Amino acid sequence: MAKLSIGIIGLPNAGKSTLFQALTSIAVPAESYPFCTIEPNLGVVPVPDERLGRLAELVDAAKVTPAVVEFVDIAGLVEGASHGEGLGNRFLQHIREVDAIAHVVRLFSDDTVARVSEGDAARDLELVETELALADLELVEAHAERVTRKARSGEREARDSIDLIRRVLGRLERGQPVRREPLSDEERRLLSGLNLLTLKPQMYVPNVGEDFWIEPQADFETLRAALLEKDPDAMLLPVSARLEAELAELSPAERSEYLEAIGAEGAGLARLIRAGYGLLQLITFFSFNENELRAWTIREGTLAPQAAGTVHTDFEKHFIRAETIGFEEFERHGSLKSARDAGALRFEGKDYIVRDGDVLWFRTGA
Ligand code: GDP
């Protein structure tokens, strides 16, 4: 997989654009990534990875290219979006296209910024979840009709999926995300064509006050308790959009000094990107020659030929074998020559499952 895209959603005035701007200030030029589109609401952000920096010190490559995550600022969610209010359907369509969702929930207090809903953060969150569930409900209802018709005419896959569709409908009718329904791999495959919004991996991003890391916020604990009660696996990642936007203006040295002073555990943006990796079970492998040292993103469990395919589509077809060494071991040897002289490079075939941190060279046929 060449690209990972994360859609930033939430109610108006939750701080989505502020967060997005902070993210784009660390963006890389999209030209290096032909699979990324250039649009004002898209930001291509490098995946923070210390290993890449270390490799850059050890190998001679003219250019260093990090793995990237694409963030999409998806504006337009208001109550009734599933019925076409606000930007309505166009907005929902944008969410269908992303791999994962970062749901920003307002938890900063500022009287000069209007609140669009009457309740607390838990209610805000609920409102957004409901819109997504309603949109999915509409889609699955239409799908259920088609499946029932096909099942009647004896189509086997349709008959097999009727029970699944009923379960999914049940969840959605209760206003719950399909993500919470236990699904087998086969059931996931049956649903994949629907691109359900509420089946996408999601992280919750409470946009907390700037002094959150100095002073605990009671409303954060309330939100967390409410969320975890419903979904014990929910991923919660507090961020201060305003603080991130301010930090983005500082030099890296000033930034770490500041973060240390307030006791925050590393930049929020880096955590957000790494969390996206975790949500989607992604790992990184590296490749290099004299022209370029590069980090690549693949799913956990990817075989060597498919990994080769992310570098170049032809590589997958003509894959013969891979030569590889793990990052730590490479670092221990200090250079490709030493590693090779010590016999530390391994040859792996078509069944090799690539591991996080592998440095890979692919041997391909004509
Ligand atoms: P969006 O509608 O979700 O994209 O929200 P924006 O990012 O445009 O933010 C709406 C308003 O809230 C703007 O005036 C921001 O400056 C302000 N804002 C966003 N994040 C924060 C924050 O963390 N703290 C404070 N005090 N204001 C914020």
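What you see is a predicted model, and the numbers here were worked out from it, not measured in a lab.

> Hey, could you go over the overall build of the chain for me, with residue numbers and the actual values?
Tallying secondary structure elements over the chain gives 14 helices and 12 strands in all. Across the 366 residues that make up the chain, the buried fraction comes to 49%. At a minimum sequence separation of 6, the contacts of the chain that also span at least 24 residues come to 70%. Surface exposure of the chain reaches about 18,200 Å², of which carbon and sulfur atoms provide 49%.

> Can you tell me about a positive patch on the surface, naming the residues and giving the values?
Together, Arg-146, Arg-149, Lys-150 and Arg-152 make up a positively charged patch on the protein surface. Among the secondary structure elements, Arg-149 is positioned in helix 4 (residues 121-152). Residue classification places Arg-149 among the exposed residues on the basis of a relative accessible area of 53%.

> Report on the pairing of strand 1 (residues 4-9), specifying residues and quantitative values.
Of all 6 residues in strand 1, 6 are buried; the element is thus mostly enclosed. Alternating positions in strand 1 separate into two faces, Leu-4, Ile-6 and Ile-8 on one and Ser-5, Gly-7 and Ile-9 on the other, with burial throughout. Taken together, the 4 bridges between strand 1 and strand 5 (residues 100-107) define a ladder with parallel strand orientation. Looking at strand 5, one finds that Ile-9 is bridged to His-103.

> So what about unusual backbone geometry? Which residues, and what values?
One non-glycine residue with positive phi stands out, namely Asn-13, at about 65 degrees. With respect to the helices, strands and loops of the structure, Asn-13 is situated in the loop between strand 1 and helix 1 (16-25). One non-glycine residue, Asn-195, adopts positive backbone phi at about 55 degrees. The topology assignment puts Asn-195 in the loop between helix 6 (185-192) and strand 6 (202-208).

> Please provide a residue-by-residue account of the sheet that holds strand 6, values included.
Reading across the sheet, the 6 strands line up as 2-4-1-5-6-7 and stay open at both edges, with mixed pairing between neighbours. What marks the edges here is a single partner per strand, and that holds for strand 2 (42-46) and strand 7 (235-236). Here 2 bridges tie strand 6 to strand 7, and the two strands are oriented parallel to one another. Bridge pairing in strand 7 places Tyr-204 opposite Leu-236.

> With reference to specific residues and values, describe the site of the ligand.
The full set close to the ligand counts 14 residues, and Asn-13, Gly-15, Lys-16, Ser-17 and Thr-18 are the nearest of them. Between an oxygen atom of the ligand and a main-chain N or O atom of Ala-14, the distance comes to 3.1 Å. Lys-16 places a side-chain nitrogen or oxygen 2.8 Å from an oxygen atom of the ligand. The protein chains hide 78% of the 570 Å² of surface that the ligand would expose on its own. Looking at the shell around the ligand, the elements with two or more residues in it are helix 1 and helix 8 (241-247). When residues of the shell around the ligand are assigned to their parent elements, the largest contribution, 3 residues, is made by helix 1. Of the residues belonging to the shell around the ligand, the class tally is 6 nonpolar, 5 polar and 3 charged.

> Which residues make up the environment of Ala-133, and what values go with them?
Note on placement: Ala-133 falls in helix 4. Given a relative accessible area of 1%, Ala-133 falls into the buried group. When the C-alpha positions of Ala-133 and Leu-172 are compared, they lie 5.6 Å apart, and in sequence the two are 39 residues distant. Not counting the four nearest positions on each side in its chain, Ala-133 is found in contact with Leu-172, Gly-175, Gln-176 and Thr-198.

> Let's hear about the packing of aromatic side chains: which residues, and what values?
Across all of its chains, the model carries 8 aromatic pairs by this definition. Plain terms: the ring middles of Phe-212 and Phe-220 are 5.0 Å apart, the flat faces sit at 80 degrees to each other, and that makes the pair edge-to-face. When the ring of Phe-288 is compared with that of Phe-330, the centres are 5.8 Å apart and the planes differ by 70 degrees; the resulting orientation is edge-to-face. With Phe-288 in strand 8 (residues 282-288) and Phe-330 in helix 13 (residues 327-333), this pair connects stretches of sequence that are 42 residues apart.

Cut-off values and rules
Residues numbered from 1 in each chain as written. Predicted model: local features only at pLDDT ≥ 70, side-chain atom pairs only at ≥ 80, totals over all residues. Heavy atoms only, no water. Helix = DSSP H or I, 4+ residues; strand = E, 2+ residues; numbered from the N terminus. Buried < 20%, exposed > 50% of the residue type's maximum accessible area, 1.4 Å probe, protein only. Contact = heavy atoms within 4.5 Å. Areas by Shrake-Rupley, 256 points an atom, 1.4 Å probe, with all protein chains shown as cover. Patch = residues over 30% accessible without salt bridge, like charges linked within 9 Å, V, L, I, M, F, W, Y side chains within 5 Å. Salt bridge = Lys/Arg side-chain N within 4 Å of Asp/Glu carboxyl O. Lys, Arg positive; Asp, Glu negative; His and termini not counted. Charge placed at Lys NZ, Arg CZ, Asp CG, Glu CD. Pairing = 2+ DSSP bridges. Near = heavy atom within 4 Å. Polar contact = N/O pair within 3.5 Å; in protein donor to acceptor, adjacent residues only side chain to side chain. Nonpolar A, V, L, I, M, F, W, Y, C, P; charged D, E, K, R; others polar. Phe/Tyr/Trp six-rings, centres within 6.5 Å; stacked < 30°, edge-to-face > 60°.

Distances and angles like these do not, on their own, reveal function.
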